[in-house]
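# Secondary and tertiary structure notes
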Amino acid sequence: MKMGDSQAQQTVKTILDRFQNDRGLLVSILQDVQAEYNYLPREALEEVGQGLDIPLSQVFGVATFFKAFSLKPRGRHLINVCLGTACHVRGAVRVLEEIERELGIKPGETTGDLKYTLETVNCVGACALGPIVVVDGEYSGEMRTNKVRPVLESYD
């Protein structure tokens, strides 16, 4: 996204208008910007700060505080591997290592084709089904290394 591009500026302006430029709704505004671009480009954050008349440091502070926001491009598919205690003792680390091998990325990274972003979480609240891998909100329980490839291929 290049903010010199009037289309991009218009996109952010439309989002700000939808929230009536209410700085108290900054989190919601950032959620909509991220939904549009799949991450929070710096130029968009600058535009939000200008539109709400708040310092860029405050916008960045909110954007970096919440784990749901990303300042780097993310993949079309978000993979979360639960490493909570129940999942960990049932082999979640081996499952994570297999996903890393399959995709060639580590947690916090995105594949070069922007297809997948890999993250780890502490608990997804489905401990009885561990280890759990969540892709785009879909839970795959009782994961094993031999199930990784079929799960990933189902998102091709």
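As the structure is a prediction and not an experimental result, all values here were calculated from the model. (Residues numbered from 1 in each chain as written. Predicted model: local features only at pLDDT ≥ 70, side-chain atom pairs only at ≥ 80, totals over all residues. Heavy atoms only, no water.)

## Quick notes on the overall build of the protein
On a plain count of helices and strands, the protein comes out with 7 helices and 4 strands. Helices and strands appear in the protein in the N-to-C order α-α-α-α-β-α-α-β-β-β-α. Across the 156 residues of the protein, 42% fall into the buried class. Considering only contacts in the protein between residues 6 or more positions apart, those separated by 24 or more positions represent 60%. When the accessible surface of the protein is totalled, it reaches about 8,700 Å², and 49% of it is carbon and sulfur. Once the 17 positive and 21 negative side-chain charges of the protein are each reduced to a mean point, those two points are 6 Å apart. (Helix = DSSP H or I, 4+ residues; strand = E, 2+ residues; numbered from the N terminus. Buried < 20%, exposed > 50% of the residue type's maximum accessible area, 1.4 Å probe, protein only. Contact = heavy atoms within 4.5 Å. Areas by Shrake-Rupley, 256 points an atom, 1.4 Å probe, with all protein chains shown as cover. Lys, Arg positive; Asp, Glu negative; His and termini not counted. Charge placed at Lys NZ, Arg CZ, Asp CG, Glu CD.)

## Concerning the pattern of salt bridges
Following the criterion strictly, the structure yields 7 salt bridges and no others. Measuring nitrogen to oxygen at the nearest pair gives 3.0 Å for the salt bridge that ties aspartate 17 to lysine 13. With aspartate 17 and lysine 13 both in helix α1 (residues 6–18) and 4 residues apart, the pair spans about one turn of that helix. Aspartate 17 gets classed as partly exposed once you look at its relative accessible area, which sits at 42%. Between glutamate 98 and arginine 101 there is a salt bridge, with its nearest N and O atoms 2.9 Å apart. Here glutamate 98 and its partner arginine 101 are both found in helix α6 (residues 92–103), 3 residues apart, which amounts to about one turn of the helix. (Salt bridge = Lys/Arg side-chain N within 4 Å of Asp/Glu carboxyl O.)

## Overview of a positive patch on the surface
A surface patch of positive charge is lined by Arg90, Arg94, Arg144 and Lys147. If you trace the backbone, lysine 147 turns up in helix α7 (residues 145–153). Take lysine 147: its relative accessible area is 34%, and that puts it in the partly exposed class. (Patch = residues over 30% accessible without salt bridge, like charges linked within 9 Å, V, L, I, M, F, W, Y side chains within 5 Å.)

## Some points on the packing of aromatic side chains
Considering all chains together, one arrives at 2 aromatic pairs under this definition. Taken together, a centroid distance of 4.9 Å and an interplanar angle of 90° make the contact between phenylalanine 65 and phenylalanine 66 edge-to-face. Of the residues examined, phenylalanine 66 reaches a relative accessible area of 35% and is grouped as partly exposed. Residues phenylalanine 66 and phenylalanine 69 carry aromatic rings whose centres are separated by 6.1 Å and whose planes lie at 90° to one another, so their mutual orientation is edge-to-face. Counting every residue linked through ring pairs, the aromatic cluster contains Phe65, Phe66 and Phe69. (Phe/Tyr/Trp six-rings, centres within 6.5 Å; stacked < 30°, edge-to-face > 60°.)

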